[in-house]
Amino acid sequence: MRSIILLLSLIASVFLFAACGPGASSSASAQPTVPKPTEVQVTMTEFKIEPSMTNFKAGAPYRFVVTNKGTVNHDFSISPPVMEGMAGMSSEDMHKNALAMVDAADLPPGAMKTVDVTFTKPMSAGEMEFACHTPGHYESGMHVPMTITQ
Ligand SMILES: [Cu+2]
């Protein structure tokens with residue numbers, strides 16, 4: 001009789017253990033998930049910026065993977081376009097309105113840097129662009145317009 005009770009309690013504990021196992025993992029997946037950023041490859045050369053995409057969604061996280069495949073340092077920014085009269089401004093000034101940036105010192109030839117950006121509002125082409133503001137580079141073609149939709 002005593003051994004039967006022992007056996008029953010053993011079975012019960014095995015059941016409990018089995019119930020806990022999958023239960024624990026399903027409660028973990030119920031936790032709020034942080035959205036994984038979409039990776040955007042950005043290649044910089046003389047004198048071109050080639051992003052893998054140029055249309056983005058507001059509110060979605062992006063990870064820009066910037067690679068300098070050129071032979072000189074480049075800087076990277078997501079910033080409003082250079083307007084007439086702004087030419088000659090330092091890259092430091094240009095970066096004051098930037099949503100994201102990587103300094104030229106951090107982007108020597110062969111370097112790769114990542115920047116995470118979540119756009120907060122929609123923007124049409126002409127409001128925001130990928131750019132390199134290293135003197136002479138922007139004028140040589142190192143800027144690409146982007147659009148951000150709702
Ligand atoms: Cu450049």
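All of the points below concern the structure found in this document. Just so we're clear, the structure is a prediction, and the values are computed from it rather than from any experiment.

**Thoughts on the overall build of the protein chain**
Helix and strand counts for the protein chain come out as 2 helices and 9 strands. Sequence-ordered secondary structure for the protein chain, helices as α and strands as β, is α-β-β-β-β-β-α-β-β-β-β. If you take every contact in the protein chain between residues at least 6 apart in sequence, the share linking residues at least 24 apart comes to 69%.

**Side note on the sheet that holds strand E4 (residues 61–68)**
Strand order in the open sheet made by the 4 strands is E2-E1-E4-E7, with mixed pairing throughout. In the strand order of this sheet, the two ends are held by strand E2 (48–51) and strand E7 (112–118), each with one partner. Neighbour-to-neighbour, the strand axes of the sheet open up by a mean angle of 20°, direction not taken into account. As judged from the 7 bridges shared by E4 and E7, these two strands associate in the antiparallel manner. Pairing of Val65 across the sheet is with Thr114, part of E7.

**Concerning the nonpolar core**
If you look at soluble globular proteins, the nonpolar side chains tend to sit buried side by side. In this structure, Val42, Met44, Ile49, Val66, Phe76, Phe130 and Cys132 are the most contacted members of the largest nonpolar core, which totals 21 residues. Those elements giving two or more residues to this core turn out to be strand E1 (38–45), E4, strand E5 (76–79), strand E6 (100–102), strand E8 (123–131) and strand E9 (143–149). When near neighbours in sequence (up to four residues on either side) are disregarded, Cys132 contacts Met44, Ile49, His74, Asp75, Phe76, His137, Tyr138 and Met142.

**Looking at the pairing of E5**
Along E5, one buried face is formed by Phe76 and Ile78 and the opposite face, lined by Ser77 and Ser79, is buried too. In terms of strand pairing, E5 meets E6 through 3 bridges, oriented antiparallel. Looking at the pairing, Ile78 lines up with Ala100 of E6. Inspection of the sheet shows E5 paired to E8 by 3 bridges, in the antiparallel sense. Across the sheet, residue Ser77 finds its bridge partner in E8, namely Ala131.

**As for the pairing of E9**
Within a regular strand, side chains alternate between the sheet's two faces. In this structure, strand E3 (residues 55–57) lies alongside E9, joined through 3 bridges in parallel fashion. Paired with Phe56 across the strands is Ile148, a residue of E9. Pairing between E8 and E9: 5 bridges, direction antiparallel. Within the sheet, the bridge partner assigned to Phe130 lies in E9 and is Val144.

**Some points on unusual backbone geometry**
In the segment running from Glu46 into Phe47, the intervening peptide bond is cis, with an omega of -10°. Position of Phe47 among the secondary structure elements: in the loop between E1 and E2.

**As for the environment of Lys96**
With respect to the secondary-structure elements, Lys96 resides in the loop between helix H2 (91–94) and E6. Taking the C-beta count within 10 Å as the criterion, Lys96 has 10 such neighbours and is therefore assigned exposed. Separated by 17 residues in sequence, Lys96 and Ser79 place their C-alpha atoms 8.7 Å apart.

**Quick word on the sheet that holds E6**
Within the open sheet, the 5 strands sit side by side as E3-E9-E8-E5-E6. Their pairing is mixed. Pairing within the sheet leaves two strands with one partner each, and these edge strands are E3 and E6. Geometrically, the sheet is characterised by an average inter-axis angle of 25° between neighbouring strands, direction not taken into account.

Conventions used here
Residues numbered from 1 in each chain as written. Predicted model: local features only at pLDDT ≥ 70, side-chain atom pairs only at ≥ 80, totals over all residues. Helix = DSSP H or I, 4+ residues; strand = E, 2+ residues; numbered from the N terminus. Contact = placed C-beta atoms within 7 Å. Pairing = 2+ DSSP bridges. Axes fitted to C-alpha atoms, helices over the stretch in contact; angles between N-to-C directions. Core = buried A, V, L, I, M, F, W, Y, C linked by C-beta atoms within 7 Å. Buried ≥ 20, exposed ≤ 12 C-beta atoms within 10 Å, placed from the backbone.

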